[in-house]
Amino acid sequence: MSSATYDAPVRGWVRFAAPVVVGLLMIGVWILVVDVLDAAPRALPSPIAIVEEFILRFGIIWEDMMITATNALTGLLVGSIVAIVLAALAATFRPIDGMLAPLVASIAVVPIVALTPILNTMFGASSQFGRLSVAAIAAFVPVFVNVLRGLRQTRPVHRDLLRASAATSMQTFRVLTLPTALPYLLTGLRIASSIAVIAALVAEYFGGPADGIGTAIATYAKSGRASLAFAYVAGGIAIGLALFLVMSLLERAVSRRKPV
Amino acid sequence: MTTEFAVRASGVGKTFPTKAGDVVALTEVELTVSAGEFVSLIGPSGCGKSTLLRLIADLDSATTGELEIFGKPAAKARIDQDYGIAFQQAGLLPWRTVGGNIALPLELHGMAKPARAKRVADLAELVGLTDFIDRYPDQLSGGMQQRVAIARSLAEQPRLLLMDEPFGALDEMTREYLQGELTRIAKETGAAVVFVTHSIPEAVFLSDRVVVMSPRPGRITEIVTTDLGEVRDETLRESPEYFTRVTAVREALHGAPVERANER
């Protein structure tokens, strides 16, 4: 056996263990500073207190998590569908590409969150629609950019091959263009999934209904219940992580085969 | 019945418009390829050999002249799948297995699944890849990928095979092996072959006729008939006739007899 096959499991094990060790170390230092040395400001609770709060109040945290997650997911879905449709149009018709390019560029540079107070006022304080649309707009940009790129990655030799095989344009799209673009779509979705969660959460800081992870963090941080606020932050991280994980797995499943 | 022509080109030319003015890639091409004949196109870069192949394949259209494939216009021949084609890059779809790649043309033309599986198995056997049918292209060597591409080009049992430097990116050993395989396959299928190459020995070894082309503007300067008979095996590579033909093609390429030190 070569040394490479011998080394592989060891390297895999280290790669898994290294971040865990770093994480444990950081929590250890955190506990040391807060609980043992008692040297932290009041706003920084002990990780143990945060975990306790998280377990104790899991019911309400979960409820708010679902609200923020639903906003993020719906936003991601709507933003992505619009992005895919527009990217397909832009890839097919040059003039549409010319029309959309400056629009997308301007959406990309606008801090979407800055629009939130306006959108919240527009759709009323009892509607989730403002938050949802913020998540949708935020998710739109990476999906659009990546899909458009993906749709243009077909190689000349493959296009020649399909033309030589007398493939119809629908067949070419199904057999070549779509599978070529798929890894790009999933990269876009993976990036968009994190952004959508952040956008949906941050949007809650700027009004709208009194629910969701972001609202709760703001409320409890202001009222001095730091460990509960941090427990909510953990809930927010969990949403982002879950979405990101699902998307990463999807992406890996699809892009196993690299072009030759 | 008269002798059937696989390809008949008369006065074929191709001009590419560019910003700096028109570039004549090909001019006044007169060429016929009989059914079952093996013809190589050889010449330096820019002589239009690949362009000519692309015109025959209807991947580009001729600016002037007439081009007939089995008596039909090139576009009709492409739609009817009268030819199969292989390129310098194997051009396999990386997300499909070897079998899936070979099956692609059959799938596009709506062949039923059982018949398709049978045909794919036959083709894989023809190119010696039966054991690799479920592998993905990135698990194969360059030579094996090229064999998959050749199997795919034969999928629709074409009477004409178009090949654009298919062995250009391979090492010498693989190359010679695949040349032998190709002559065998061409004989077994009875297909005519138009083969673009820039290797003189390769052209001579494979072909019934070698079409010598030259650039600026791209045109045919000479056609060398090899007369090396039906059997193309390794002994041929060392026979005097073979060397004579290689010399003939080389001289046609250089436009003048090559004088060698030991032949004064």
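Note that residues are indexed from 1 along each chain, following the sequence as it is written. Starting at A for chains and at 1 for ligands, labels are handed out in the order in which the entities are written. Local features in this predicted model are restricted to residues of pLDDT 70 or higher, and side-chain atom pairs are both shown and tallied only at a pLDDT of 80 or more, whereas totals for entire chains, interfaces and linings draw on every residue.

Here we take up the overall build of chain B. Helix and strand counts for chain B stand at 8 helices and 10 strands. Taken over C-alpha atoms, the radius of gyration comes to 19 Å for chain B, in line with the 18 Å a tight globule of 264 residues would show. If one aligns the C-alpha atoms of chain B with their principal axes, the spans along those axes are about 60 × 45 × 45 Å. Looking at chain B as a whole, 44% of its 264 residues are labelled buried. It is the C-beta atoms, placed from the backbone, that decide contacts: two residues are in contact if theirs lie within 7 Å. In chain B, the share of contacts with a sequence separation of at least 24, taken over all contacts with a separation of at least 6, comes to 69%. A run of DSSP states H or I qualifies as a helix once it reaches four residues; a run of E qualifies as a strand once it reaches two. Both are numbered from the N-terminal end. This radius of gyration counts C-alpha atoms alone. The globule rule is 2.2 Å times how many residues there are, raised to the power 0.38. Counting other C-beta atoms within 10 Å of its own, a residue is labelled buried from 20 upward, exposed at 12 or fewer, and partly exposed in the gap between, with every C-beta atom placed from the backbone.

A few words on the sheet that holds strand 1 (residues 5-18) of chain B. Residues and elements named next belong to chain B. Strand order across the open sheet formed by 4 strands is 2-1-4-5, with antiparallel pairing between neighbours. Among the strands making up the open sheet, the edge pair consists of strand 2 (21-34) and strand 5 (72-73). The pairing of strand 1 with strand 4 (residues 64-69) spans 5 bridges and is classified as antiparallel. Directly across from Arg-8, in strand 4, lies its bridge partner Glu-68. Two strands form a pair only when DSSP identifies at least two bridges running between them.

In this section: unusual backbone geometry. Only a minority of non-glycine residues have a phi that is not negative, and only a minority of peptide bonds are not trans. Residue and element names in this part refer to chain B. The amide bond that connects Arg-216 to the next residue, Pro-217, takes the cis arrangement and shows omega of -15°. Mapped onto the elements of the fold, Pro-217 is located in the loop between strand 9 (209-214) and strand 10 (219-225). Although it is not a glycine, Glu-28 sits at a positive phi angle of roughly 50°. Mapped onto the elements, Glu-28 comes out in strand 2. In this model, Gln-81 sits at a positive phi of 60°, which is unusual for a non-glycine residue. Within the fold, Gln-81 resides in the loop between helix 2 (74-79) and strand 6 (83-86). According to the C-beta neighbour criterion, Gln-81 is partly exposed, with 17 such atoms within 10 Å.

In this section: the domain arrangement of chain A. Residues and elements named next belong to chain A. For chain A, the assigned domains are domain 1 (1-40) and domain 2 (44-254). Just so you know, the domain bounds were taken from an automatic or database domain assignment. Placing the centre of domain 1 and that of domain 2 at their C-alpha centroids yields a distance of 30 Å. The interface of domain 1 with domain 2 comprises 6 residues on the first partner and 4 residues on the second. Broken down by class, the residue content of the side of domain 1 that touches domain 2 amounts to 5 nonpolar, no polar and 1 charged. Residues are grouped as follows: Ala, Val, Leu, Ile, Met, Phe, Trp, Tyr, Cys and Pro are nonpolar; Asp, Glu, Lys and Arg are charged; all remaining types, including Gly, are polar.

This paragraph deals with the pairing of strand 8 (residues 192-197) of chain B. All names here are of chain B. Counting buried positions over the 6 residues of strand 8 gives 6, a clear majority of the element. The two faces of strand 8 match: Ala-192, Val-194 and Val-196 on one face and Val-193, Phe-195 and Thr-197 on the other face are all buried. In this sheet, strand 8 lies alongside strand 3 (residues 38-42) in parallel orientation, the contact comprising 5 bridges. When the sheet's bridge partners are listed, Ser-40 is paired in strand 8 with Phe-195. Across 5 bridges, the pairing between strand 7 (residues 160-164) and strand 8 is parallel. By the bridge assignment for strand 8, Met-163 is matched with Phe-195.

Moving on to the nonpolar core. Nonpolar cores are identified as sets of buried Ala, Val, Leu, Ile, Met, Phe, Trp, Tyr and Cys residues joined via C-beta atoms within 7 Å. Residues Ile-42, Ile-56, Leu-162, Val-193, Val-194 and Val-249 of chain B are the most contacted members of the largest nonpolar core, which totals 83 residues. Tallying contributions element by element places helix 3 (residues 98-108) of chain B first for this core, with 6 residues. Leave out the neighbours within four places in its chain, and Val-194 of chain B touches Val-7, Val-33, Val-39, Leu-41, Leu-53, Ile-56 and Leu-162 of chain B. Core analysis: the second largest hydrophobic core is formed by 53 residues, Val-134, Leu-228, Phe-230 and Leu-243 of chain A among them.

What follows covers the environment of Ala-35 of chain B. Residue and element names in this part refer to chain B. If you trace the backbone, Ala-35 turns up in the loop between strand 2 and strand 3. The exposure class of Ala-35 is partly exposed, given the 15 C-beta atoms found within 10 Å. Linking Ala-35 and Phe-195, residues 160 residues apart in sequence, is a C-alpha distance of 14 Å. If near-sequence neighbours (up to four positions away) are discounted, Ala-35 is found in contact with Glu-4, Ala-6, Arg-159 and Ala-192.

Further remarks concern the interface of chain B and chain A. Taken together, the 20 residues of chain B in the interface contact 15 residues of chain A. At the level of secondary structure, the elements contributing two or more residues to the side of chain B that touches chain A comprise helix 2 and helix 3 of chain B. Tallying contributions element by element places helix 3 of chain B first for the side of chain B that touches chain A, with 3 residues.

Right, let's talk about the environment of Arg-184 of chain B for a bit. Residue and element names in this part refer to chain B. Mapping Arg-184 onto the fold places it in helix 6 (residues 172-189). The class of Arg-184 is partly exposed, set by 13 C-beta atoms lying within 10 Å. Considering only alpha carbons, one finds Arg-184 and Arg-232, 48 residues apart in sequence, at a separation of 8.3 Å.

Turning our eyes to something else, we now look at the confidence of the model for chain B. The predictor's confidence in any single residue is recorded as pLDDT, a number from 0 to 100. Counting all residues, the mean pLDDT for chain B is 85, and 95% of those residues have values of 70 or more. Complex prediction metrics read pTM 0.75 and ipTM 0.85.

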